[in-house]
Amino acid sequence: MINNFQNKFGLTKPILIAGPCSAESEKQTLETAHQLKKHENLIFRAGIWKPRTRPNSFEGIGSKGLQWLQKVKKETGLKSTVEVAKAKHVELALKHEVDILWIGARTTGNPFAMQEIADSLKEVDIPVMVKNPINPEVNLWIGAIERLFDSGIYNLAAIHRGFFTYKNSKYRNIPQWQLALDLKRKFPKIPMICDPSHITGNSNHILEIAQKAMDMSYDGLMIETHIDPKNALSDKEQQITPAELENILNKLVIRNFETDDVEFKATLKQLRIQIDDLDIELLDVLKRRMDLVEKIGVHKKENEVTILQNNRWIEMLKSRVKYGEKNGLSELFIQQLLKAIHQESIDKQNNVMNKK
Ligand code: PEP
Ligand code: MN
């Protein structure tokens, strides 16, 4: 059932969703919408209930913003979408003819809230977009979508808005593209929309993330757009003007998902054969490495020595990162690779140690 539904999203690709982080006033909302209406099929977004981490910051204009959105629809013909976080929001949004609902990152990660929303949508036919949860835990994202499926909501899209990290990072929320690909693998028919605004947290980096998303065959973009970003009441660093949005859309290269060009296909096939061979080589090398690891495990066991020698591990990591960087491989990649190999090695030696 789950992978067998007809999805009405994605009829026009890329899907474009734009509008302010928050509806702040009737004037700001309408002016933004009027400046955006030239984009065909654009879906107008505006948050009216804003989940803020701390109280006493701007928490949204509340339900009166729904009337502004109705006016937007009437004056511009644009479809509208708002974030809902509980059943009451759903009820009010439906009453005010909002076209599409979206679930925010803080709500996706909350199974009680998700269940409440899903229950309120039984018997309702409205598209819903589900943002990834703040935490890099893809099962919360999957679970949120499954709850909506269980309520009969099949017209769904996922929004990739990046994940929280404690580490210093160029971006406000690190993309962790692999997690979005994990969701895509689970639900191949659900369109995937990228939100470069919340990933980057910075208006200067919107284009690079939007381009990456397009090159990864994403189905659309959600980009926060405000007539006066400097004075926005929320997320001012990442919002762009409608003119800047247009500029970005003009620069964006939308490549084909496929081509019928015979020469292209032949070359690609050739190169992929080489990749396939190299992957087998890689796995063979890893197998040989694990054989050695097991030998060391036996040796350690016989001499009653612990598996982990931290100094050796730290040294290894350092030297491999250095070597890899000389070959143009990033530090992050080497670290992730080595950590995965190291974990598997520890598990192997654990098996050796604990074998009766
Ligand atoms: C938003 O889209 O304005 C928003 C609150 O996003 P997120 O839920 O991704 O933080
Ligand atoms: Mn925002």
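Let me begin by describing the structure that accompanies this report. Worth saying up front: this structure is predicted, and the values here are computed from it rather than measured.

Turning our attention to the sheet that holds strand 4 (residues 100-103). Strands sit in the order 1-2-3-4-5-6-7-8 around a closed barrel of eight strands; the barrel is parallel. Neighbouring strand axes in the sheet, compared pairwise and without regard to direction, differ in orientation by 25 degrees on average. Along the sheet face, helix 7 (residues 177-186) touches strand 6 (156-160) and strand 7 (192-194) and points at about 160 degrees away from the line of strand 7.

Let us look at the pattern of salt bridges. Inspection of the entire model under this criterion finds 17 salt bridges. D235 serves as the salt-bridge partner of R172, at 3.2 Å between the closest nitrogen and oxygen. Separated by 63 residues along the polypeptide, R172 in the loop between strand 6 and helix 7 and D235 in the loop between strand 8 (220-224) and helix 10 (242-251) bring together distant segments of the chain. Judged by relative accessible area, which is 36%, R172 ranks as partly exposed. Relative accessible area serves as the criterion here: at 13%, D235 is assigned to the buried category. Across the pair K318 and E315 runs a salt bridge, and its minimum N-O distance is 3.9 Å. In this pair, K318 and E315 both sit in helix 12 (residues 310-326), three residues apart, roughly one turn of the helix. One connected set of salt bridges, linked through shared partners, spans R52, R172 and D235.

With that settled, consider the layout of surface pockets. Here the largest pocket is characterised by a volume of approximately 660 Å³. Lining the largest pocket are 22 residues, with K167, I174, Q176, L332 and Q336 positioned closest to its centre. Of all the elements in the fold, those that place two or more residues in the lining of the largest pocket are helix 7, helix 9 (206-215) and helix 13 (331-354). The element best represented in the lining of the largest pocket is helix 13, accounting for five residues. Its residues assigned to classes, the lining of the largest pocket shows nine nonpolar, eight polar and five charged. Two domains share the lining of the largest pocket, each providing at least three of its residues, namely domain 1 (6-251) and domain 2 (262-353).

A few words now on the coordination of the manganese ion (ligand 2). Taken together, the protein donors to the manganese ion (ligand 2) comprise C21 (SG), H198 (NE2), E224 (OE) and D235 (OD), at separations of 2.1 to 2.4 Å. With a relative accessible area of 1%, E224 lands in the buried category.

According to the stated counting rule, one finds five aromatic pairs in the structure shown. When the centroid spacing of 6.5 Å and the interplanar angle of 70 degrees are considered together, the rings of W141 and F163 count as edge-to-face. Residue W141 is found in helix 6 (residues 138-150), and its partner F163 is found in the loop between strand 6 and helix 7; the two are separated by 22 residues along the sequence. The exposure classification of W141 matches that of F163, with both residues buried. Measuring from centroid to centroid gives 5.7 Å for W177 and Y218, while their planes differ by 80 degrees, and the two rings are edge-to-face. Taken together, the positions of W177 in helix 7 and Y218 in the loop between helix 9 and strand 8 put the pair 41 residues apart, joining distant regions of the chain. Judged by relative accessible area, which is 4%, Y218 ranks as buried. Within the aromatic cluster, the residues linked to one another by ring pairs are F149, Y154 and F187.

Each value, and the rule that gives it
Residues numbered from 1 in each chain as written. Chains lettered and ligands numbered in written order. Predicted model: local features only at pLDDT ≥ 70, side-chain atom pairs only at ≥ 80, totals over all residues. Heavy atoms only, no water. Pairing = 2+ DSSP bridges. Helix = DSSP H or I, 4+ residues; strand = E, 2+ residues; numbered from the N terminus. Axes fitted to C-alpha atoms, helices over the stretch in contact; angles between N-to-C directions. Contact = heavy atoms within 4.5 Å. Salt bridge = Lys/Arg side-chain N within 4 Å of Asp/Glu carboxyl O. Buried < 20%, exposed > 50% of the residue type's maximum accessible area, 1.4 Å probe, protein only. 1 Å grid on protein atoms, 1.4 Å probe; cavity = no way out; pocket = protein on both sides within 12 Å on 5 of 7 lines; lining within 4 Å. Points joined across faces, edges and corners; volume = space filled by probe spheres on them. Nonpolar A, V, L, I, M, F, W, Y, C, P; charged D, E, K, R; others polar. Domains from an automatic or database assignment. Donors = N, O, S within 2.8 Å, 3.2 Å for Na, K, Ca; no water. Phe/Tyr/Trp six-rings, centres within 6.5 Å; stacked < 30°, edge-to-face > 60°.

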